[in-house]
Amino acid sequence: MKGEPMAGEATTRKTIVPKKTPIPEQPPQIRRSNFEEVSLGYTPEQAKQEAERCLQCKKPACVKGCPVNVPIPRFIKAVQEGDFRQAIDIIKEANLLPAVCGRVCPQESQCEKNCVLGKKFEPVGIGRLERFAADQSLKNGGLRPPQVAQKSGKKVAVVGSGPSGLTVAYELARQGHSVVIYEALHEPGGVLVYGIPEFRLPKSIVYSEIEVLKKMGVEIMTNAVVGKLMTIDEIMQENDACFIGSGAGLPKFMGIEGENLNGVYSANEFLTRVNLMRAYQFPEYDTPVTRGDRVAVFGGGNVAMDAARTALRIGAEEVILVYRRSLTELPARKEEVHHAQEEGIRFELCTNPVRILGNDQGQVRAIECIRMDLCELDESGRRSPKPVKGSEFEIPVNVAIIALGTGANPLIPQSAKNLQVNKRLYIIADEETGKTSIEGVYAGGDIVTGSATVISAMGAGRKAAKAMNEYLKKKPVRSRT
Amino acid sequence: MARILEKKQLRKPDVFYFKVAAALISKKAMPGQFVILRLHAKGERIPISLADINPVEGTISLIVMAVGKTTTEMSVMKEGDDILDLCGPLGNGTHIEKVDKVIVVGGGFGVAPLYPIARSFKAAGSEVVCVMGARSKDLLIYEKEMEAVCSEVLVTTDDGSRGMKGVVTEALRRELEKGGTGLVVTVGPAIMMKFVSETTRPFGVKTVVSLNPIMVDGTGMCGGCRVTVAGQTQFACTDGPEFDGHQVDWDILLNRQKTFNKEQRVSFDSWRQRHAGVLCE
């Protein structure tokens, strides 16, 4: 490196390795047919080498980019020094799910985007280091629960055990409140277990993070559908506060011809069958999924990438991703797109499905698409696609997966009349505190914002937990029979 | 976990009654709703309609016909066994109100979930007539229970071994011709509900059907249970399971129910091979 030290106020000059320490990965040709993790993680030597790249800025911009403000330079310093136990303890001051976040966070648009190294070189591999620290701790006897404060005598209910709910439960249990989580499915974890595939986030990682909560005394009740088994009003009769983090589960369909043919799935259904229900191990596990030879996936987000790469792993010969804009606009993480390309997913860009065609058995046989021309910028700041007349063409497929996002699940708002929702039926909650229109009821994550990321849901959970703790502290302890 | 408190065989060889401990569910459940259960850690989630609800005892009743792998596996479970996961109540309950005359139409073991519906209509002051059918008299279930809550129970059998020889739609048509019917509610195989709806259509009598598409989570999350009603996509789990039978696109439903026919055979065959002895009991 020439000239001045980097703008991050580093005190000592050092030679910067321009690129991130490469992370070992399963080769694409092998991993495309198994569910093992793609990325194998750093060795201690590689981690230390990468940690050395950190300039230890005094005013770290990376921390500002993190929705839960992990003290990044401090934990990286611990890695530099080889004190991995210290590293994970520092991360856990801010983040309950480091092994998860190290794997699925979009670091390139958060912490790593702000890294001063990134101005000239590749930023520090913060996500890789976070994952390393968490995995070290898992290897050495599991994640240790933090110190829990003395019992406050206050009871809190958390609806949903996805990223936001788990975060709230963790933060409030730590403050000494009794926490019960209601989960609608038969396993806790929400999108971490039904949505994100094994090869990107092994379930065992999620379970070990959830074990920490249980050790802290958090109770998890599965098969409990709030809105059906109990209402928010009933919950509030039994508890001092409630957090709703039920997620945005209501898949969107396109309303095009052929959408109800056999072999057409929402990404939610397809991924739930394969991940939560383990259809990839059918018939050892009972739940089936159509194993298409040729699979089309509509959409360009992370969920679309997950669906496409999952379809490949359960035996598709060719998977075609159909997205109406260009590669630049693809909303998925770059790493996911890169992995998908490496694995041989075919990208049909600037292309939109027009209808789905069936055979005489009512099964999908092809999709009809039209090419799109990218024109002027629309309100979202992206170029808006316009269909090119006469460019229709068919792609033969036998499975089509629709990954175009989700809407708000209606079950909770339907059963809680005083809970204010917006026009799109998402719960209205204060951005800083998660407060809803009902006193003592807070909300965060996708049920407030619409589909977003694991870490932003955790960020919302963290803010809500802080506000809830303040609220609970002021509330007198109720006498209970 | 939910314990099986009572098990009875309702008809040979394949229909079983289970009373299951479900204190919380029983306090909330309404006729017309369903539960989703998963028998064990490798099991699938299947929806089953509520055949009875007893909030005082804290139990629900389920009627299961052993047709596939999971239902057959359940049919060999015993009193005292635990169902690993029981989730509910799901879907919306039947809209119960006083109607001058309600005809409830049940086919096969679909009569079971009609029972609490019929009882509620009667409790609301409605006259309830039941039309129930089966291939022959040995396959009829819930006749006595229905007699207790209906002013009349009209039985049809394909072979004439009991009641009227013929199908339920014929008995239904005759009953409709008498006039005065305000509502028809039907539960059973999709094909039967389709023909019930076609029978009532010319009479202009509102017909409520309880749809039974393939389902995974039952909370609106997967969209696998989507059905087309009045040209709109609806989710049977959150919008239903009851819909206006005159507006349902039956062909889409019947086709979608076949999605996993092949896989279901594979799953069932492999289970039977591994459990050859169990079914001979």
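All of the points below concern the structure found in this document. Model, not experiment: these values are computed from the prediction.

## Observations regarding the packing of helix H14 (residues 302-313) of chain A against helix H15 (residues 334-342) of chain A
Residue and element names in this part refer to chain A.
So, step 1. Remark: H14 packs on H15, axes separated minimally by 10 Å, with the N-to-C direction vectors making an angle of 25°. Between H14 and H15, the interaxial angle falls into the category roughly parallel. Along this stretch, H14 crosses H15, giving a crossing that reads as left-handed. Contacts from Asn 302, Met 305 and Arg 309 of H14 reach H15 at Glu 336, Val 337, His 339 and Ala 340.
So, step 2. When grouped by side-chain class, the residues that make up the contact of H14 with H15 number three nonpolar, two polar and two charged.

## Regarding the interface of chain A and chain B
So, step 1. Of the residues lining the interface, 41 residues belong to chain A; the matching set on chain B comes to 45 residues.
So, step 2. Taken together, both faces of the contact between chain A and chain B bury some 3700 Å²; the carbon and sulfur share is 54%.
So, step 3. Its largest share of buried area at the contact with chain B, chain A owes to A:Lys228, A:Asn260 and A:Asp286, together 20% of the area lost on that side.
So, step 4. Viewed at the interface, chain B and chain A are joined by three salt bridges.
So, step 5. The shortest N-O distance in the salt bridge between B:Lys69 and A:Asp286 comes to 2.4 Å.
So, step 6. At the junction of chain A with chain B, the criterion picks out 21 residue pairs in polar contact (both at pLDDT 80 or more).

## Topic: the sheet that holds strand E4 (residues 241-244) of chain A
Adjacent strands of a sheet form backbone hydrogen bonds with each other and so pair up, either parallel or antiparallel.
Residues and elements named next belong to chain A.
So, step 1. Here we have five strands laid out as an open sheet, ordered E3-E2-E1-E4-E14, and parallel in their pairing. Each of the sheet's edge strands pairs with one partner strand only, and the pair in question is strand E3 (219-221) and strand E14 (441-443). On average, each strand axis in the sheet is inclined to that of its neighbour by 20°, with strand direction left out of account.
So, step 2. Sheet topology places strand E1 (residues 155-159) next to strand E2 (residues 178-182); five bridges connect them, and they run parallel. Bridging across to E2, Val 159 finds its partner in Tyr 182.
So, step 3. Relative to E2, helix H9 (residues 163-174) is tilted by about 165°, and along the sheet it contacts E1, E2 and E4.
So, step 4. Relative to the sheet, helix H18 (residues 454-474) contacts E1, E4 and E14, its axis offset from that of E4 by approximately 170°.

Calculation rules
Residues numbered from 1 in each chain as written. Chains lettered and ligands numbered in written order. Predicted model: local features only at pLDDT ≥ 70, side-chain atom pairs only at ≥ 80, totals over all residues. Heavy atoms only, no water. Axes fitted to C-alpha atoms, helices over the stretch in contact; angles between N-to-C directions. Helix = DSSP H or I, 4+ residues; strand = E, 2+ residues; numbered from the N terminus. Parallel < 35°, antiparallel > 145°, perpendicular 65-115°, else oblique. Left-handed = near helix turned anticlockwise from the far one by under 90°. Contact = heavy atoms within 4.5 Å. Nonpolar A, V, L, I, M, F, W, Y, C, P; charged D, E, K, R; others polar. Buried area = accessible area lost by both parts, 1.4 Å probe. Salt bridge = Lys/Arg side-chain N within 4 Å of Asp/Glu carboxyl O. Polar contact = N/O pair within 3.5 Å; in protein donor to acceptor, adjacent residues only side chain to side chain. Pairing = 2+ DSSP bridges.

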